[in-house]
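Each chain, written out:
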Amino acid sequence: MTGKFLEYILIGYLSGSILYAYLLPRYLKHVDVTEKSGDGNPGAANAFLYAGIPMGILVLLMELLKGFVPVHLAMEKLPAADPMFGLVMAAPVLGHAFPLGRRRQGGKAIAVSFGVLLGIWPVTAPFWLLVGSYLTFSLIVVVTPHFFRSIVTFVLLFVGTALLVDVPGIVAGCGCICGTVIWKHLARYQGERMQVRLLQGSH
């Protein structure tokens, strides 16, 4: 059984490592979203902003699918109660955040996280927690900037999943996903602050 888990972890990681938000705009529209954007993030939001709405929609669908497909396949074959299932869930997110061959150029992994949470259907609570938190902190109790909004949202995702879901593997997976996304946001934020300091020091 351990071998099966490892197989799906590898498949998920490789799937996550395909940076559609970088590759599709670059090769179909000749736009490098990591160069045009201020944060250098190869994510769906930058694909919308710098490559247009149709490309953004295509990228978003692919980013969702690369998380959904491997996890949903694993959900049908492996026991989600096993804590190792948490690594199966985390694998696409880790692949996006630290892609094979481009470990320092990965994204913040928000869209792929939504895809993973869709993949654990029929367990739907984590997905709706993530959707509800983002909508709440974007439209009702507005938290800015986006950096803080994402951190608050993913902290609440983990807390809510731990309280509402009694499947150990899924709780562990949400913990790994939340930790990865928060770490990437913190690292990106610190990098941006360092760039600002360097620019200020050069004047």
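> Mind laying out the overall build of the protein, listing which residues take part and the relevant values?
In terms of regular secondary structure, the protein is built from 10 helices and 0 strands. Starting at the N terminus and walking to the C terminus, you meet the elements of the protein as α-α-α-α-α-α-α-α-α-α. Computed over the C-alpha atoms, the radius of gyration of the protein is 17 Å, within 12% of the 17 Å expected from 2.2 N^0.38 for a compact globule of 203 residues. Dimensions along the principal axes, computed over C-alpha positions, put the protein at roughly 60 × 40 × 30 Å. For the protein, buried positions account for 47% of its 203 residues. Residue pairs in contact within the protein that sit at least 24 positions apart in sequence constitute 67% of those at least 6 positions apart. When the accessible area of the protein is evaluated, it comes to approximately 10500 Å², of which 68% is carbon and sulfur surface.

> I'd like a rundown of helix H7 (residues 110–119), residues and numbers included.
Counting buried positions over the 10 residues of H7 gives 9, a clear majority of the element. Those residues of H7 that sit buried are Ile110, Ala111, Val112, Ser113, Phe114, Gly115, Val116, Leu117 and Gly119.

> Would you mind going over the packing of aromatic side chains in detail, with residue names and values included?
Under the counting rule described, the total for this entry stands at 6 aromatic pairs. Site record: aromatic cluster; members linked through ring pairs are Phe114, Phe127, Trp128, Tyr134 and Phe154. Sitting above the plane of the Phe98 ring, Lys184 keeps its charged end 5.2 Å from the centroid.

> Residue-level account of the packing of helix H1 (residues 2–16) against helix H5 (residues 53–77), with values.
For the pair H1 and H5, interaxial distance at closest approach is 8 Å and the crossing angle is 170°. Between H1 and H5, the crossing angle belongs to the class labelled roughly antiparallel. Listed contacts from H5 to Tyr8, Ile11, Gly12, Ser15 and Gly16 of H1 are Lys66, Pro70, Leu73, Ala74 and Lys77. Here the residues of the contact of H1 with H5 are counted per class, giving 5 nonpolar, 3 polar and 2 charged.

> Can you explain helix H9 (residues 146–164)? Please cite residues and give values.
With 19 residues, H9 extends 26 Å from end C-alpha to end C-alpha; this agrees with the ideal 27 Å at 1.5 Å per step. Taken together, the buried positions of H9 are Phe147, Arg149, Ser150, Ile151, Thr153, Phe154, Leu157, Gly160 and Thr161.

> Would you mind going over the confidence of the model for the protein in detail, with residue names and values included?
One rule of thumb: low pLDDT means the predicted coordinates there are not for detailed reading. Looking at the protein as a whole, its pLDDT mean stands at 89, while 91% of the residues score no less than 70. Scored below 50 in pLDDT, residues 194–200 shows 0 contacts in the model against residues more than four places distant or in partner chains.

> Explain the nonpolar core to me, and be specific about the residues and the numbers.
Counting 38 residues, the largest nonpolar core has Phe85, Val88, Met89, Leu117, Ile120, Phe154 and Ile170 as its most contacted members. Among the elements of the structure, H1, H5, helix H6 (85–97), H7, helix H8 (125–140), H9 and helix H10 (168–202) are those that each provide at least two residues to this core. For this core, the element with the most residues is H10, which contributes 7 residues. Not counting chain neighbours up to four residues away, the residues in contact with Met89 comprise Val71, Val116, Leu117, Ile120, Gly169, Ile170, Gly173, Cys174 and Ile177. Core analysis: the second largest hydrophobic core is formed by 9 residues, Ala21, Leu24, Ala44 and Ala47 among them.

> Account for the side chain of Arg149, naming residues and giving values.
Looking at where Arg149 falls in the secondary structure, it is placed in helix H9. Judged by relative accessible area, which is 15%, Arg149 ranks as buried. Polar contacts involving the side chain of Arg149 include one to the main-chain carbonyl oxygen of Val143, which spans 3.0 Å. With sequence-adjacent residues up to four places away left out, Arg149 is seen in contact with Tyr134, Phe137, Ser138, Val143 and Thr144.

Cut-offs applied
Residues numbered from 1 in each chain as written. Predicted model: local features only at pLDDT ≥ 70, side-chain atom pairs only at ≥ 80, totals over all residues. Heavy atoms only, no water. Helix = DSSP H or I, 4+ residues; strand = E, 2+ residues; numbered from the N terminus. Rg over C-alpha atoms; globule rule 2.2 N^0.38 Å. Buried < 20%, exposed > 50% of the residue type's maximum accessible area, 1.4 Å probe, protein only. Contact = heavy atoms within 4.5 Å. Areas by Shrake-Rupley, 256 points an atom, 1.4 Å probe, with all protein chains shown as cover. Phe/Tyr/Trp six-rings, centres within 6.5 Å; stacked < 30°, edge-to-face > 60°. Lys NZ or Arg CZ within 6 Å of the ring centre and 35° of its normal. Axes fitted to C-alpha atoms, helices over the stretch in contact; angles between N-to-C directions. Parallel < 35°, antiparallel > 145°, perpendicular 65-115°, else oblique. Nonpolar A, V, L, I, M, F, W, Y, C, P; charged D, E, K, R; others polar. Expected span 1.5 Å × (residues − 1). pLDDT = per-residue confidence, 0-100. Core = buried A, V, L, I, M, F, W, Y, C linked by side-chain atoms within 4.5 Å. Polar contact = N/O pair within 3.5 Å; in protein donor to acceptor, adjacent residues only side chain to side chain.

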